[in-house]
Amino acid sequence: MAFLLELKEKIRKVYNKYDTYIVPAMKFIIAFVSFMMINGSIGYMAKLKNPLIALLLSVLCAFLPNGATIVFLSLFMLVHLYKISAEFALIAACVVLLMYLLYFRFTPKSSYLLIITVMACWLKIPYVLPVAVGLCSSALAAIPVGFGVIIYYIIKTASAYETAIANQSLTESMQQVSYLVGSLIKDKQMIVVMVALVVTVVAVYCIRRLKVDYSWTYAIIAGSLLEFLILIIGNVAFKAKLNIVLVIIGVLLGGIVGYVCNILFFAVDFKRTEYVQYEDDEYYYYVKAVPKINVTGEDVRVKQINARKTRKTSDIDEVRRTRASAPQDDDDDMIFYDR
């Protein structure tokens, strides 16, 4: 714990000193990885697959507000989907529009949470996120997490849809729309994962807000167990074909990430809790004060002291006369002269 607290202080100092450079750099990296991920998954528009375009758009995202990154990524995805089918792009645009309405209304500052959720799904570890999100954000953070899962499965559906078009098994627009809507609504794996993540985020947030000692610890344990149970029950009941090994690993990693977040953002010592009571003209106040755990890294400074320079002499009296007649020097070193 002490190591993590010291690391937290070091990161905070570095961030406060170089935040002007760190924030744009992080926004650039996240945007560039997202554009390249879309190109690798549904890169059907040849002109947009040029890495230079992704690089230029990422530079713009680095210096624009957070919402601009979502807009650029959405348009980038829709253009690729339009290359497959206008119907597919239309359905995806409706989902994106609904996402914008909820996003800008309730969680305008959680844009990168949606992007990170899509990345986590792409890496097959979405189960790591909900506990940490519930601890560090609000219950409304479930909105970008849920839409992140939907966006990922829209991208995933594009490959199967392109195969169906190529085999000419879907010829009419209505057949194509029915296939797309059915593929998304009947995707049991998407529904199970989305429900598990959203419910876990809300549950962890509600538990960690309880006015009891060690509420964050209870939230981590309860959230991890709840997420695991929903995934396992949903996998068995709906035959969602989830990878149980990845589920177990993801839930365990999510608990570890939650523990780290607990130390970094809510390190308190409940053993030294104090209860204070006072009053004013209108109210009595009963205050519970829990001290934070702060560990400051040692600031060790080494001061080097040079030895004085000396020279041999055979006559101490001559040295004294020489020093008496010589002008005074501010240097502390004592210099002796040979006769």
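Counting starts from 1 at the beginning of each chain's written sequence and moves along it residue by residue. The model is predicted, so local features are restricted to residues of pLDDT at least 70 and side-chain atom pairs to those at 80 or more, both for listing and for counting; the totals for chains, interfaces and linings are taken over all residues. Water and hydrogen atoms play no part in the side-chain values, which are based on all heavy atoms of the structure.

## With respect to the confidence of the model for the chain
- When pLDDT is averaged along the chain, the result is 82, and 80% of the positions lie at 70 or above.
- Confidence scores here are pLDDT values: one per residue, from the predictor, ranging 0 to 100. Whether two residues touch is decided by their heavy atoms; if any such pair falls within 4.5 Å, the residues are in contact. Across residues 307-314 the pLDDT falls below 50, and counting only partners more than four positions away or on other chains, this stretch makes 13 contacts in the model.
- Segment residues 330-339: pLDDT under 50, and 17 contacts once partners within four positions in sequence are set aside and those in other chains are kept.

## Some details on a nonpolar patch on the surface
- Where nonpolar side chains cluster on the molecular surface, the patch consists of L52, L55, L56, V59 and F63 and spans about 490 Å² of accessible area.
- Categorising residues by exposure relies on relative accessible area from a 1.4 Å probe, with only protein chains included: less than 20% of the type maximum marks a residue as buried, more than 50% marks it as exposed, and the intermediate range marks it as partly exposed. Under the relative-accessibility criterion, L56 is labelled exposed at 52%. Patch criteria: residues need more than 30% relative accessible area and no salt bridge. Like-charged residues are merged within 9 Å; nonpolar side chains of Val, Leu, Ile, Met, Phe, Trp and Tyr are merged within 5 Å. Only the protein chains shown count as covering a residue, and every accessible area follows the Shrake-Rupley method with a 1.4 Å probe. Basic side-chain nitrogens of Lys or Arg form a salt bridge, by our definition, when they fall within 4 Å of a carboxyl oxygen of Asp or Glu.

## Some words on helix 10 (residues 215-238)
- For the purposes of this entry, the term helix denotes a DSSP run of H or I that reaches at least four residues, the term strand denotes a run of E that reaches at least two, and both are numbered from the N terminus. Each residue after the first adds 1.5 Å to the expected span of a helix. With 24 residues, helix 10 should cover 34 Å at 1.5 Å per step; its first-to-last C-alpha distance of 33 Å lies within 8% of that length.
- Buried within helix 10 are the following residues: S215, W216, A219, I220, G223, S224, E227, I230, L231, G234 and N235.
- Structurally, helix 10 contributes buried residues whose contacts are with helix 6 (129-136), helix 9 (188-208) and helix 11 (244-265).

## A word on the side chain of N262
- When you line up the elements, N262 lands in helix 11.
- For N262, a relative accessible area of 12% puts it in the buried group.

## A few points about the packing of aromatic side chains
- Only centres within 6.5 Å qualify two rings of Phe, Tyr or Trp (six-membered ring in Trp) as a pair; their planes then separate them into stacked at under 30 degrees, edge-to-face at over 60, and tilted for everything else. For the coordinates displayed, the defined rule picks out seven aromatic pairs.
- Arranged with centres 6.0 Å apart and planes meeting at 15°, the rings of F28 and F32 form a pair that is stacked. Of the two residues, F28 and F32 are both situated in helix 1 (residues 2-42); the distance of four residues between them amounts to about one turn of the helix.
- In this structure F28 comes out as partly exposed when scored by relative accessible area, which is 24%.
- You can call F32 partly exposed: its relative accessible area is 26%.
- Centroid distance Y152 to Y153: 5.1 Å. Interplanar angle 80°. Geometry classified as edge-to-face. As far as burial versus exposure is concerned, Y152 and Y153 are alike and both buried.
- Three or more aromatic residues joined by ring pairs make a cluster, and in this case those are Y278, Y283 and Y285.

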